[in-house]
Each structure stands twice: as structure tokens, then as C-alpha cells.
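Each chain, written out:
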Amino acid sequence: MDTGQPGDSFPPGTMDRAPAAADQEPAADRRSGEDSRPTLAVWKFASCDGCQLTLLDLEDELLGLADRIRIEHFLEMSAAEGPDGRRAELAGRGPYDLSLVEGSITTGEDADRIRHVRSVSRRLVTIGACATAGGIQALRNFGDVAEFRAAVYAHPQYISALENSTPISAHVPVDFELRGCPIDRRQLLEVVTAYLAGRKPGIPDHSVCFECKRRGTTCVTVAHGTPCLGPVTHSGCGAICPAYGRGCYGCFGPVDRPNLRSMVAQLGRDGMSERDILRVFRTFNAASPEYACVPDLAAEGRDAGQDEPRAPTDTGQEGPV
Ligand code: SF4
Ligand code: SF4
């Protein structure tokens, strides 16, 4: 039901999964006093903070945004302390109209905390590869966590971690997912302003190739035989890497329904070995379900005799490996 409240026009399908908190009246309406701005909370889980910094990078727009939305919980930019002087006291009780969530779920404590965040958030948007696909941390999903722990920590018996790094949507309903490692500041601004305007965010699901065409960049694969994940990678960066003569390595994650069979075969023809194909997909978005078929497709190429890579054309161009 469209109540005319900010956020009520988030995409169909994602809205359907919103929990009871989304049906409540806006948090701002429940507050007494004169400030009726919607409230924003920013949360961090396992991550590098780069996506939160993108919000701070909105230097020219941030003051205008602050007129429209009240930032109530954002530890990264806050100097506030709890009553006993401890920042840990700032638990973020809410409720909040919009929560931006960075990072993946890697501990049992994370799993409990994200359920709290969902329960106090009217709308919840995940930001970045960590939150939408498990992030670089999800590389652990392909190895033995106990071995990593013993290699890194002097007293591994004190470390408690889950076997897998999982995206936020594996634990709670999510209203919108914003891709990228890190996210793009213009896309972040679009999501927040769309929420304020009560409409669907205008984040197109086309590939990096589309952006290359739009900015007039010569295709690095066609012109130089450079391996490039642009055909299966979500747009958002403005196709930066091909514009500087190197292949895309997929930091914005998969487009909707990527043609991975064709992509993997093309990477083989462009000189990548089976091992390198696995590596390039297992970077920022390793746990994306779309990529689960890549090992089989790469092995098919090997069995078909494609694992004798020819050297890419020597043009000084860099591929994604
Ligand atoms: S998605 Fe990338 S930039 Fe964002 S928090 Fe994760 S590692 Fe950092
Ligand atoms: S790796 Fe691909 S998606 Fe990431 S910045 Fe480069 S071109 Fe854009």
C-alpha cells in the first residue's frame, strides 16, 4: 500500500520481503518535538569502512542532505560518547527510517546484531560487495577457517568466527542492494534521495560494456585481446578501468542473469588459464550465487583443450589478473 511515506516506493519484490518494521509509521513521526526529518542510521559489520567513507565523500551534497534527513547513528563520523564515556554504549536503539548497512556477517554476534538492526529499521539498504555478496571475507568460504585462524592468531582458541562470510540478505530481509567495492557516491546519493522522494532508486542493471559505449571507450577485448569482465559486471563506476586501457575485474559484482558460459569461454580465448579464471571471479564478490557455476565452466574449457592460453596481444594493455 502506498502511504506516501518516504521509501514506500522501493522496488517491488524487495518491498514484499520487508518485515513488520517497514509497516510502522516513520520514526520521525513517533518522535516528539519539532524535528520531523526522517532518520538515518549507518551500520558496520565485517568490512574495511570504504563504503561508509563514500557517504563522507559526498562533501558537496552532505549539508543539503542533512537538511532533509537526520543522521542519528553513524559511529564512523561521530565523536559522541555514551554516558560512561564508552563509544560501545552507542548501541543504536532506534527506531530509524532508513538504515545503510556495510559489511558481511562473519560471527555469531554479527548474526544477532543484524537482526536487531532489522527490527529497528523501517527500510534497510545494504551498501557494497561485503554486504551484498560476502565481500573479500567470503574467500574463507573456499578454505578451512580453522587453518586460517591458527596461522594468523597466537591464541586461536579465543577467536570465534563462522565458517562462512555471508551477505546481509542471507540473514534478514533487505529492501535494496547497492553494489560496488566501494560503492559509487552518485549511486549512493540516488538511493538516499529516492528514499526521501518515495520512489524507486534509478540504478540501472546494465553492464560495464554499456558504460564504455556511452563514454566512447574502445573495447579493450575487441581491440587488444585484453581479458575483461565488463560484459557480466554491473555498471556504476563509469567504466573506469577500460577507459585507462585495462580490463574490468568485476568489483561491482554480477549483472542480473550474466551470460557466464560465454564470458568464461571468451576469457579462455583471451589467454586466461582455468586457475586465473577462478581467481578473477573470486575477488570482491566471491560468494555471489551467480558465480557458483564458474568452476564447472572453467573446467569445461580445460577439457575442451582451451587451457593452453595464448598470450594476449602485446599492446601494453593490462588485463584483470
Ligand atoms: S565493499 Fe569494498 S570498500 Fe566496501 S566495505 Fe567492503 S571491502 Fe570495503
Ligand atoms: S573493475 Fe570493473 S567495475 Fe570495478 S572500477 Fe574497474 S571497470 Fe569498474
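As shown above, the structure is provided for reference.
Residues numbered from 1 in each chain as written. Chains lettered and ligands numbered in written order. Predicted model: local features only at pLDDT ≥ 70, side-chain atom pairs only at ≥ 80, totals over all residues. Heavy atoms only, no water.

Visitor: Can you tell me about the packing of aromatic side chains, naming the residues and giving the values?
Guide: Scanning the model with the defined rule gives 3 aromatic pairs in all. On the basis of an interplanar angle of 75 degrees and a centroid distance of 5.8 Å, the ring pair of Trp-43 and Tyr-96 is categorised as edge-to-face. Within this pair, whereas Trp-43 is found in strand β1 (residues 39–44), its partner Tyr-96 is found in strand β3 (residues 96–102), the two being separated by 53 residues in sequence. Of the two residues, Trp-43 and Tyr-96, both sit in the buried class. Ring plane angle 35 degrees and centroid distance 5.7 Å describe the contact between Tyr-249 and Phe-284, whose orientation is recorded as tilted. Here the residue Tyr-249 occupies a position in the loop between α10 (240–243) and α11 (260–269), and Phe-284 occupies one in the loop between α12 (274–281) and α13 (294–303), the gap between them amounting to 35 residues. (Phe/Tyr/Trp six-rings, centres within 6.5 Å; stacked < 30°, edge-to-face > 60°. Helix = DSSP H or I, 4+ residues; strand = E, 2+ residues; numbered from the N terminus. Buried < 20%, exposed > 50% of the residue type's maximum accessible area, 1.4 Å probe, protein only.)

Visitor: Just give me the short version of the packing of helix α3 (residues 59–68) against helix α7 (residues 185–197), but keep the residues and values in it.
Guide: With their axes 12 Å apart at the nearest point, α3 and α7 run at an angle of 15 degrees to one another. In terms of their interaxial angle, α3 and α7 are classed as roughly parallel. Once α3 is placed against α7, the crossing between them reads as left-handed. Residue-level inspection shows Glu-59, Glu-61, Leu-65 and Arg-68 of α3 in contact with α7, the latter providing Arg-185, Leu-189, Val-192, Thr-193 and Leu-196. Along the lines of polarity and charge, the residues of the contact of α3 with α7 split into 4 nonpolar, 1 polar and 4 charged. (Axes fitted to C-alpha atoms, helices over the stretch in contact; angles between N-to-C directions. Parallel < 35°, antiparallel > 145°, perpendicular 65-115°, else oblique. Left-handed = near helix turned anticlockwise from the far one by under 90°. Contact = heavy atoms within 4.5 Å. Nonpolar A, V, L, I, M, F, W, Y, C, P; charged D, E, K, R; others polar.)

Visitor: If you had to explain helix α4 (residues 108–119) to someone new, which residues and values would you point to?
Guide: Under the 1.5 Å per step criterion, the end-to-end length of α4 is 17 Å for 12 residues, consistent within 8% with the ideal 16 Å. Along α4, the residues classified as buried are Asp-110, Ala-111, Ile-114, Val-117 and Arg-118. Projected down its long axis, α4 carries its buried residues within an arc of 120 degrees, all on one side. (Expected span 1.5 Å × (residues − 1). Arc of directions from axis to C-beta.)

Visitor: How would you explain the site of ligand 2 if you had to name every residue and give the values?
Guide: In the region of ligand 2, the neighbouring residues are Thr-233, Cys-237, Cys-241, Pro-242, Cys-248, Tyr-249, Gly-250, Cys-251 and Phe-252. Of the residues contributing to the shell around ligand 2, the split by class is 7 nonpolar, 2 polar and no charged. (Near = heavy atom within 4 Å.)

Visitor: So what's going on with the packing of α11 against α12? Which residues, and what values?
Guide: Two elements in contact, α11 and α12, have axes separated by 10 Å at closest approach and are oriented at 130 degrees. Here α12 runs oblique to α11, going by the angle between their axes. The way α11 lies across α12 gives a crossing that is right-handed. Only Ile-277, Val-280 and Phe-281 of α12 make contact with α11, whose side of the interface consists of Leu-260, Met-263, Val-264, Leu-267 and Gly-268. By residue class, the composition of the contact of α11 with α12 is 7 nonpolar, 1 polar and no charged.

Structural measurements only, silent on function.
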